Amino acid sequence: MSDAAGRRDRPQPLAGLRNLGPASAAMLTAAGITTPAALRRLGAVEAFRRVALHRTGDASANLLYALAGALDGRSWLSYTPAERAALRQAAGLSARPSG
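Residues numbered from 1 in each chain as written. Predicted model: local features only at pLDDT ≥ 70, side-chain atom pairs only at ≥ 80, totals over all residues. Heavy atoms only, no water.

Before going further, it helps to examine the environment of Ala-31. Relative to the helices and strands, Ala-31 resides in the loop between α2 (22-30) and α3 (36-54). Considered as a pair, Ala-31 and Ala-47 are 16 residues apart in the sequence and their alpha carbons are 8.3 Å apart. Sequence-distant contacts of Ala-31, defined by excluding residues within four places in its chain, comprise Arg-50, Val-51 and His-54. (Helix = DSSP H or I, 4+ residues; strand = E, 2+ residues; numbered from the N terminus. Contact = heavy atoms within 4.5 Å.)

What follows is the structure, encoded as structure tokens:
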């Protein structure tokens, strides 16, 4: 098998998803979410809740937007205020704007 073919067969790491870098991937992994497939199965809101629970509430709304963007294939910065508010509400975050 060629090296290029080997790379195609390997699962994509969490940090390879749009908006997610090593720090976000580490938070997800620590919360038991270790693959992009697991993140897709859970969805952004549930993944965020698990990270927040694992970090005893220390997770910002920006992570929530980044997770949603990773799954939607768009920049977390592109979410409108209404979309951000809906995500925060679904995640049980306070109504105050964040990010």
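Below, the discussion takes up the packing of aromatic side chains. Between two aromatic rings, the relevant description is the distance of the centres plus the angle of the planes. Enumeration over the complete set of coordinates arrives at zero aromatic pairs. Above the ring of Tyr-79, the side-chain terminus of Arg-74 is found at 3.8 Å from the ring centroid. (Phe/Tyr/Trp six-rings, centres within 6.5 Å; stacked < 30°, edge-to-face > 60°. Lys NZ or Arg CZ within 6 Å of the ring centre and 35° of its normal.)

A few words now on unusual backbone geometry. Phi is mostly negative for residues that are not glycine, and the peptide bonds are mostly trans. Its identity is not glycine, yet Asn-19 carries a phi of approximately 80°, on the positive side. Relative to the helices and strands, Asn-19 is located in the loop between α1 (3-9) and α2.

What follows concerns the nonpolar core. Counting 28 residues, the largest nonpolar core has Leu-20, Leu-28, Leu-39, Phe-48 and Leu-67 as its most contacted members. Breaking this core down by element, the ones donating at least two residues are α2, α3, α4 (61-72) and α5 (81-91). Beyond its immediate chain neighbours, meaning those up to four positions away, Leu-28 contacts Leu-14, Leu-20, Ile-33, Ala-47, Val-51 and Leu-67. (Core = buried A, V, L, I, M, F, W, Y, C linked by side-chain atoms within 4.5 Å. Buried < 20%, exposed > 50% of the residue type's maximum accessible area, 1.4 Å probe, protein only.)

This part covers the confidence of the model for the chain. Should pLDDT be low for a region, the predicted coordinates there are not to be read in detail. A residue-level look at the chain finds 84% of positions with pLDDT of 70 or above and a mean pLDDT of 88. Between the elements of the chain, mean pLDDT differs from a low of 52, seen in α1, to a high of 98, seen in α4. (pLDDT = per-residue confidence, 0-100.)

Because an α-helix packs 3.6 residues into every turn, residues spaced three or four apart end up facing the same way. Helix length check: α3, at 19 residues, gives a terminal C-alpha distance of 19 Å against a target of 27 Å (1.5 Å per residue), a shortfall beyond 12%. Considering bend angle alone, the principal kink of α3 is centred on Gly-43 and spans about 105°. Taken residue by residue, α3 has Pro-36, Ala-38, Leu-39, Gly-43, Ala-44, Val-45, Ala-47, Phe-48, Val-51 and Ala-52 as its buried positions. For α3, the elements touching its buried residues are α2, α4 and α5. Phi turns positive, to about 50°, at Thr-56, one or two residues after α3. (Expected span 1.5 Å × (residues − 1). Bend = angle between axes of the 7 residues up to and from the residue.)

With that out of the way, let us pick up the pattern of salt bridges. The tally for this structure, following the rule as stated, stands at three salt bridges. With a shortest N-O distance of 3.0 Å, Arg-50 and Glu-46 are connected by a salt bridge. Of the two residues, Arg-50 and Glu-46 are both situated in helix α3; the distance of four residues between them amounts to about one turn of the helix. With relative accessibility at 38%, the residue Arg-50 sits in the partly exposed group. By relative accessible area, Glu-46 is classed as partly exposed at 26%. Because the salt bridges share partners, they merge into one network encompassing Glu-46, Arg-49 and Arg-50. (Salt bridge = Lys/Arg side-chain N within 4 Å of Asp/Glu carboxyl O.)

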